[in-house]
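The primary structure of each chain is shown beneath.
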Amino acid sequence: MPADAPYPFPGLNPYFEAKWPDVHATIIVHMREQLRRQMPQGLYVGVELGTQILKHSRDEKPKVPDAAIWKLKEDPPAVAEPPNAVSPTIAETQAPQARRLAIRDLDGELVTVIELLSPSNKHGAGAVVHQRKRLGLIESGINLVEIDLVRQWGLAVAQFEEDGVASSLASESGGLPPHAVLVFRASTPHVRELYGIRYTDSLPSIRVPLSPEHRDIWLNLQELAVTAHHEGQFDLVTRYQNAPEPPLSPEDAAWLDQHLKSKGLR
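This is a predicted model, so every value here is computed, not measured.

Visitor: So, the side chain of threonine 112: which residues are in play, and what are the values?
Guide: In this structure, threonine 112 sits in strand S5 (residues 110-116). On the basis of relative accessible area, threonine 112 is assigned to the buried category, the value being 0%. A polar contact is formed between the side chain of threonine 112 and the side chain of asparagine 143, at a distance of 3.2 Å. Sequence-distant contacts of threonine 112, defined by excluding residues within four places in its chain, comprise Leu101, Ala102, Ile103, Ile142, Asn143, Val145, Val208, Pro209 and Leu210.

Okay, here's the thing in structure tokens:
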């Protein structure tokens, strides 16, 4: 297909995951620009790595919910050392860190975090760190927008939230969708706003919460997907005759086959 061809999908490009680092970087940059254009006076949005939570006291050390290094505790044991005690090998693990958007006030206090999840956020040590971080944000009264556009390792809502949250999404969407957006508002801590995402439908515009005195702003995911597709030159590098990886569900694979044939791409 020519590089200037129209976007070939009604919603999310199911081939994005093959070039996810590139797609992630593109979406983050354009997401910031979308939000910046709507940002009310007194707030700003930036791309951050290892987001810190600044609270009101300037004397307190900032909390870092996504701590990058885990270390074995080195305090001496409470009881005497047994004869067969040996010193362990100490290894440091670097937790995966991805760029995210943070909305802060002009004093640097964190208001809202927007996470665009990667596969590493949903598996192994990365999932443990991500869950610790998101719980730290929630417990600190920070708004959280969690966008899950990758299939690998399953749906984040089902992994990180109580079973009832995923069940609510499934009942509203006619079964669990392959992707979803979760919004946590600090003003309603026991509520989750959920947006199910299916390949057959246009991606939604979602409401991004700010501080209580400010109205929500909009994040247009469809616009971001189209931009990532064109800037990533997917029509030049994608072999549409091949199935996407990771595999789609049988239902989505059948739909994609018919859709690409109707577009003359298979």
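The rest of the description comes next.
Visitor: Report on the nonpolar core, specifying residues and quantitative values.
Guide: A general feature of soluble globular proteins is that nonpolar side chains tend to end up buried together. Counting 44 residues, the largest nonpolar core has Leu35, Ile114, Ile147 and Leu219 as its most contacted members. For this core, the element with the highest residue contribution is helix H1 (residues 20-38), accounting for six residues. Apart from the residues within four sequence positions on either side, leucine 219 is in contact with Met31, Gln34, Leu35, Ile114, Ile147, Pro204, Ser205, Ile206, Val208 and Leu224. Leu110, Val165, Ala166 and Leu169 belong to the second-largest nonpolar core, a separate cluster that totals 15 residues.

Visitor: Outline the packing of aromatic side chains, listing residues and values.
Guide: Under the counting rule described, the total for this entry stands at five aromatic pairs. Taking 6.4 Å as the distance between ring centres and 40° as the angle between the ring planes, the aromatic pair formed by phenylalanine 9 and tyrosine 15 counts as tilted. Residue classification places tyrosine 15 among the buried positions, given a relative accessible area of 7%. For the pair phenylalanine 16 and phenylalanine 234, a centre-to-centre distance of 5.1 Å together with 65° between the ring planes defines the contact as edge-to-face. Separated by 218 residues along the polypeptide, phenylalanine 16 in the segment before H1 and phenylalanine 234 in helix H6 (residues 234-237) bring together distant segments of the chain. Taken together, the aromatic side chains of Tyr7, Phe9, Tyr15 and Tyr240 make up a single cluster linked through ring pairs. One Lys or Arg, lysine 19, reaches over the ring of phenylalanine 234 and ends 5.1 Å from the middle of that ring.

Visitor: Explain helix H5 (residues 221-231) residue by residue, including any values.
Guide: Think of an α-helix as 3.6 residues a turn; residues three or four steps apart then line up on the same face. Buried within H5 are the following residues: Leu221, Gln222, Leu224, Ala225, Ala228 and His229. Angular distribution of buried residues about the axis of H5 spans 160°; they occupy a single face of the element. At the N-terminal boundary of H5, the capping side chain belongs to asparagine 220, with an oxygen 3.1 Å from the backbone nitrogen of glutamine 222. Of the residues flanking the end of H5, it is glutamine 233, one or two places downstream, whose phi is positive at about 55°.

Visitor: A description of the sheet that holds strand S4 (residues 100-105) should follow, citing residues and the corresponding values.
Guide: Taking strand neighbours across the sheet as the criterion, the six strands line up as S1-S4-S5-S6-S7-S8 in an open arrangement whose pairing is mixed. A single partner strand is all that each edge strand has here, and the edge strands are strand S1 (43-48) and strand S8 (192-197). Taken over all neighbouring pairs, the strand axes of this sheet differ in orientation by 15° on average, direction set aside. Strands in contact with helix H4 (residues 163-173) are strand S7 (179-184) and S8; relative to S8, the strand with the most contacts, it is inclined by about 45°.

Reading guide: rules and limits
Residues numbered from 1 in each chain as written. Predicted model: local features only at pLDDT ≥ 70, side-chain atom pairs only at ≥ 80, totals over all residues. Heavy atoms only, no water. Helix = DSSP H or I, 4+ residues; strand = E, 2+ residues; numbered from the N terminus. Buried < 20%, exposed > 50% of the residue type's maximum accessible area, 1.4 Å probe, protein only. Polar contact = N/O pair within 3.5 Å; in protein donor to acceptor, adjacent residues only side chain to side chain. Contact = heavy atoms within 4.5 Å. Core = buried A, V, L, I, M, F, W, Y, C linked by side-chain atoms within 4.5 Å. Phe/Tyr/Trp six-rings, centres within 6.5 Å; stacked < 30°, edge-to-face > 60°. Lys NZ or Arg CZ within 6 Å of the ring centre and 35° of its normal. Arc of directions from axis to C-beta. Pairing = 2+ DSSP bridges. Axes fitted to C-alpha atoms, helices over the stretch in contact; angles between N-to-C directions.

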